[in-house]
Amino acid sequence: MPANNRYDVIIIGTGAGGGTLAGRLAPTGRKILLLERGGYVPRSTDNWNPRVVNLEGHYQTREVWRDRDGKDLHPHTNYYVGGNTKFYGAALFRLRQQDFGQLRHHGGISPAWPVSYEEFEPYYSRAEHLYHVHGCRGEDPTDPPAGAPYCHPPVSHEPRMQQLSEDFARLGLRPFHTPLGVMLDETNPRSRCIRCATCDGFPCLLDAKSDAQVVAVDPALSHPNVQLLTGAFVERLETSPSGREVTRILVRRDGRREEYGADIVVVSCGAINSAALLLRSANNRHPNGLANGSGAVGRHYMGHVNSVLMAISKCPNPTVFQKTLSVNDFYFGEEEWPYPMGHISFVGKLDGETLKAGAPAIAPGFTLELMARHSLDFWLTSEDLPDPDNRVTLDQAGSVVLSYRPNNQEGHQRLIARLKDLMQQQTRCPVHGHECHVGLFARNLFAGQRIPLAGVAHQNGTIRFGSDSRTSPLDRNCRAYEVDNLYVVDGSFFPSSGAVNPALTIMANALRVGDHLEERMR
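Residues numbered from 1 in each chain as written. Predicted model: local features only at pLDDT ≥ 70, side-chain atom pairs only at ≥ 80, totals over all residues. Heavy atoms only, no water.

A. Seen up close, the overall build of the protein. When you go through the protein residue by residue, the secondary structure sums to 10 helices and 21 strands. In terms of overall size, the protein behaves like a compact globule, its C-alpha atoms giving a radius of gyration of 22 Å where 522 residues would be expected to give roughly 24 Å. The C-alpha extent of the protein, read off along each of the three principal axes, is 75 × 50 × 45 Å. Relative to its 522 residues, the protein shows a buried fraction of 58%. Counting only contacts in the protein whose residues sit at least 6 apart along the sequence, the fraction spanning at least 24 positions is 73%. Taken as a whole, the protein presents about 19700 Å² of accessible surface, with 49% of it coming from carbon and sulfur. Counting 54 positive and 56 negative side-chain charges, the protein places the averaged centre of each group 3 Å from the other. (Helix = DSSP H or I, 4+ residues; strand = E, 2+ residues; numbered from the N terminus. Rg over C-alpha atoms; globule rule 2.2 N^0.38 Å. Buried < 20%, exposed > 50% of the residue type's maximum accessible area, 1.4 Å probe, protein only. Contact = heavy atoms within 4.5 Å. Areas by Shrake-Rupley, 256 points an atom, 1.4 Å probe, with all protein chains shown as cover. Lys, Arg positive; Asp, Glu negative; His and termini not counted. Charge placed at Lys NZ, Arg CZ, Asp CG, Glu CD.)

Structural data, given as structure tokens:
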């Protein structure tokens, strides 16, 4: 291995975990290399084209995985600098305080984390600051304690969303402003963010969405000690004869094999690909996959129980930026149902072009374009539970196999029923005087074959951390028990998934691990 291919830290992946960690460690002066299998998202008007982004899936990988039956899966995931944060909706929630403890669900037990919410809390505050999160403390009835206010005020509701918020409040709920990571200043006519309709699921042409490339990777690269290699696919990790440290990283780039080494190696490829990398790296000392003496690498995959529902109204919904409203009143259940149900929020405003992919049944008298102009587009999330048989493995050709059966679905069905009931109680349209609600329709966001329910957008849990090396590959600092210089900082480390977007927790954890690594390197 050439001497100049040796680093203090190598981070594999530049998304919410790896990108944030790079930004955290850059000021230390340590020699850091980022390896990213993709490139930068091209700046193009296609970035804001719903047909190109949603119908054609232009930016999605063309990689093919398999399901447990050997059938093709076309994953809804993206390989670019910044990872999937380039395309996320920037809803940045903390897990609830109770999510860090053991929770009883109708479908089973959600296990406790090896660290407390109180330990995570300062890192949540730091991550919210770094990612420009806009919100309002205390609105959300399940809001966990926070040591600092949001640095930015909540993103305001447009009139139709404000009306819905007031309607929900009249029905006894406590709707709140969704915490959003966007670079918006509503008092400034030259705000970087322009509240466009192409935020959720789209790459931002203005670099105004707080994604990992913009807020972490690019600033890290301003430091002379940090280097990024794109188009760098990591084939495997090799260890010393003892198996106790990673000594070589084998990379395929531009058709050539390259080798790199580092004192500390951090894996952050996304929960599915990180597990696949460790499994590909099996050797004599780690016959079942690197750091897999527990047998848990690849197991306990979680991706949430998610649904997108469209409420079609007689009154129009001219909202442009729709993701401002959330409801958590049923997160932990209700009097009639003492089990967690989940979270209600919104996807970006759907349009007729997007609806062509997996279009719902047409409401009487509505075309797809008319449905889009009259729809409220809900996103519902419930917790799925860690099942060791929901897992990532490799087939004989080395391709990813994702085996997953949904669980804990009763609470989610009750959440859908509660939303339907709420929408049937809506007030009359303030403009036209008639009742707004027509119906609630299931909406399939993915065309063709897909991973059930929500694709892999919220993937987590495949290399979980814990206090017992017999059941968890990682310790409380996300270091592999069996490989002293190997860390994992993407959503793999989750022992349970909660019922909110995992991105902020991944970012906060990367900052937490960053503090540990800086101390280790002193």
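B. Representation of the pairing of strand S18 (residues 391-394) in the model. Relative to strand S19 (residues 400-403), S18 runs antiparallel, the two being bridged by four bridges. Residue pairing in the sheet places leucine 394 in a bridge with valine 400 of S19. Adjacent in sequence and paired antiparallel, S18 and S19 are bridged by five residues, among which glycine 398 carries a positive phi angle near 90 degrees. (Pairing = 2+ DSSP bridges.)

C. Structural context of the pairing of strand S2 (residues 32-35). Neither face of S2 is exposed, since Ile32 and Leu34 on one face and Leu33 and Leu35 on the opposite face are all buried. Pairing analysis gives four bridges linking strand S1 (residues 6-12) to S2, with the strands arranged parallel. Bridging from a neighbouring strand, isoleucine 12 pairs with leucine 35 of S2.

D. Molecular detail of helix H6 (residues 271-280). Burial analysis of H6 places nine of its 10 residues in the buried class, the great majority of the element. Among all positions in H6, only Ala271, Ile272, Asn273, Ser274, Ala275, Ala276, Leu277, Leu278 and Leu279 are buried.

E. Structural detail: the packing of aromatic side chains. Across all of its chains, the model carries 19 aromatic pairs by this definition. On the basis of an interplanar angle of 50 degrees and a centroid distance of 4.9 Å, the ring pair of phenylalanine 100 and tryptophan 113 is categorised as tilted. Of this pair, phenylalanine 100 sits in the loop between strand S4 (72-73) and strand S5 (103-105) while tryptophan 113 sits in the loop between strand S6 (108-110) and helix H3 (117-130), and the two are 13 residues apart along the sequence. As far as burial versus exposure is concerned, phenylalanine 100 and tryptophan 113 are alike and both buried. Residues tyrosine 331 and phenylalanine 332 carry aromatic rings whose centres are separated by 4.8 Å and whose planes lie at 70 degrees to one another, so their mutual orientation is edge-to-face. Joined through ring pairs, the aromatic side chains of Phe100, Trp113, Tyr117, Phe120, Tyr124, Phe465, Phe493 and Phe494 make up one cluster. Over the aromatic face of tyrosine 7 sits the side chain of lysine 31, whose NZ or CZ is 4.6 Å from the ring centroid. (Phe/Tyr/Trp six-rings, centres within 6.5 Å; stacked < 30°, edge-to-face > 60°. Lys NZ or Arg CZ within 6 Å of the ring centre and 35° of its normal.)

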